[in-house]
Amino acid sequence: MMQPGTYPVIYLFSKAPVAGRVKTRMQPGLSPQSCARLAGQMFSQTCVTLSRHWSGPRVIAADLDIDHPLFRQLSRDLGFELEPQQGGDLGERMSHALSRGIARASAAAVVGADVPHIPGRIVRQAEQLLQAGEEVVGPAADGGFYLLGLQTDGTSLFGGIRWGQGDVLSRLLEIARLQGRRFHRLPELRDIDRVRDLEWLAARDASYRQFLPAPTVGSHG
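Residues numbered from 1 in each chain as written. Predicted model: local features only at pLDDT ≥ 70, side-chain atom pairs only at ≥ 80, totals over all residues. Heavy atoms only, no water.

Participant: An account of the overall build of the protein chain is needed here, citing residue identities and associated values.
Facilitator: Helix and strand counts for the protein chain come out as six helices and seven strands. The linear arrangement of helices and strands in the protein chain, starting from the amino end, is β-α-β-α-β-α-β-α-β-β-α-β-α. On C-alpha atoms alone, the protein chain measures out to a radius of gyration of 18 Å, which is about the 17 Å that the 2.2 N^0.38 rule sets for 221 residues. Along the first, second and third principal axes, the C-alpha atoms of the protein chain reach 70 × 40 × 30 Å. Classification of the 221 residues of the protein chain by burial places 48% in the buried group. Long-range pairs, those at least 24 residues apart, make up 66% of the contacts in the protein chain between residues at least 6 apart in sequence. Surface accessibility of the protein chain: about 10,700 Å² in total, with carbon and sulfur atoms responsible for 48%. Counting 25 positive and 22 negative side-chain charges, the protein chain places the averaged centre of each group 3 Å from the other. (Helix = DSSP H or I, 4+ residues; strand = E, 2+ residues; numbered from the N terminus. Rg over C-alpha atoms; globule rule 2.2 N^0.38 Å. Buried < 20%, exposed > 50% of the residue type's maximum accessible area, 1.4 Å probe, protein only. Contact = heavy atoms within 4.5 Å. Areas by Shrake-Rupley, 256 points an atom, 1.4 Å probe, with all protein chains shown as cover. Lys, Arg positive; Asp, Glu negative; His and termini not counted. Charge placed at Lys NZ, Arg CZ, Asp CG, Glu CD.)

Set out below in structure tokens:
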């Protein structure tokens, strides 16, 4: 359990919204430019939610371009620190961030920018569980996870995981079980990775309708 008055660190992992480098699984339904704008809105919305509901330090863990204007603006306006991601694959980069956070505050979490619809109550719940000495994971509907919070080094958790596959969460939990670690599971959320996910999100949040592909006009004859 953390000392009274201390709060865990959260790292928001995100690529800079650069056309052709983000949300590529939305193409060709969306143009590279639309994908970049979509990624920017998802990232911005996630930043706002974290700024309102996470009490501890908040860090943007940036990839591609740490000096992107959106990163700089939201860091300044919403009170985020800004650091580059460091490491090779996703596991190495998360492990590096989590290790820094644990050394700083005794507990830390990583969260992605693919669940802009994450409710504030889940953010608060994750922080409270970490403060109480628990480790937490937020399952994603595609078999991965959208949030991971640890009390101790997680380097050994990520070995052997094939990132981007559908068994990421199950593999993580199996490794954790063998190590005697237990996770509190947060509610499952849906990653917004493909056009069908965007359609699902736009049906719930009208601000995303602007990104939907134009309907295909059928031929008449």
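Participant: Go over the environment of Leu74, please, and point to the residues and values.
Facilitator: With respect to the helices and strands, Leu74 occurs in helix 2 (residues 69–78). You can call Leu74 buried: its relative accessible area is 8%. Considering only alpha carbons, one finds Leu74 and Ala62, twelve residues apart in sequence, at a separation of 12 Å. Those residues in contact with Leu74 that sit more than four places away from it in its chain are Phe43, Ser44, Cys47, Gly79 and Phe80.

Participant: For empty space enclosed by the protein, give the residues involved together with the corresponding values.
Facilitator: One pass over the structure, following the stated rule, counts one cavity of 30 Å³ or more. Computed from the structure, the largest cavity encloses a volume of approximately 50 Å³. What lines the largest cavity is Tyr11, Phe13, Ala61, Glu83, Pro84, Gln85, Gln86, Arg93, His96, Ala97 and Arg100. (1 Å grid on protein atoms, 1.4 Å probe; cavity = no way out; pocket = protein on both sides within 12 Å on 5 of 7 lines; lining within 4 Å. Points joined across faces, edges and corners; volume = space filled by probe spheres on them.)

Participant: Give me the nonpolar core: which residues, what numbers.
Facilitator: Ranked by size, the top nonpolar core spans 30 residues in total, and within it Phe43, Ile60, Tyr146 and Leu147 carry the most contacts. At the level of secondary structure, the elements contributing two or more residues to this core comprise strand 1 (9–15), helix 1 (32–53), strand 2 (58–63), helix 2, strand 4 (108–112), helix 4 (120–131) and strand 6 (145–150). Here this core takes five residues from helix 4, the largest share from any one element. (Core = buried A, V, L, I, M, F, W, Y, C linked by side-chain atoms within 4.5 Å.)

Participant: Break down the packing of helix 1 against helix 4 for me, with residues and values.
Facilitator: At a closest axis distance of 9 Å, the pairing of helix 1 and helix 4 adopts a crossing angle of 55°. Judged by the angle between their axes, helix 1 and helix 4 are oblique. For helix 1 against helix 4, the interelement crossing comes out right-handed. In this structure, helix 1 uses Thr49, Leu50 and His53 to contact helix 4, whose residues at the interface are Gly120, Val123, Arg124 and Glu127. Considered class by class, the residues forming the contact of helix 1 with helix 4 number two nonpolar, three polar and two charged. (Axes fitted to C-alpha atoms, helices over the stretch in contact; angles between N-to-C directions. Parallel < 35°, antiparallel > 145°, perpendicular 65-115°, else oblique. Left-handed = near helix turned anticlockwise from the far one by under 90°. Nonpolar A, V, L, I, M, F, W, Y, C, P; charged D, E, K, R; others polar.)

Participant: Report on the side chain of Glu127, specifying residues and quantitative values.
Facilitator: Mapping Glu127 onto the fold places it in helix 4. Within the local environment of Glu127, its side chain forms a polar contact with the backbone nitrogen of Ser55, the two atoms lying 2.8 Å apart. Filtering out sequence-adjacent residues up to four positions away, Glu127 remains in contact with Tyr7, Pro8, His53, Trp54, Ser55 and Gly56. (Polar contact = N/O pair within 3.5 Å; in protein donor to acceptor, adjacent residues only side chain to side chain.)

Participant: So what about the sheet that holds strand 3 (residues 81–84)? Which residues, and what values?
Facilitator: Pairing is mixed across the open sheet formed by seven strands, whose spatial order is 3-2-1-4-6-5-7. Each edge of the sheet is formed by a strand with only one pairing partner; in this case those strands are strand 3 and strand 7 (183–185). Neighbouring strand axes in the sheet, compared pairwise and without regard to direction, differ in orientation by 20° on average. Contacting strand 1, strand 2 and strand 3, helix 2 crosses the sheet at an angle of about 175° to strand 2. Against the sheet, helix 3 (residues 90–105) makes contact with strand 1, strand 2, strand 3, strand 4 and strand 6, and its axis sits at roughly 155° relative to strand 1, the strand it touches most. (Pairing = 2+ DSSP bridges.)

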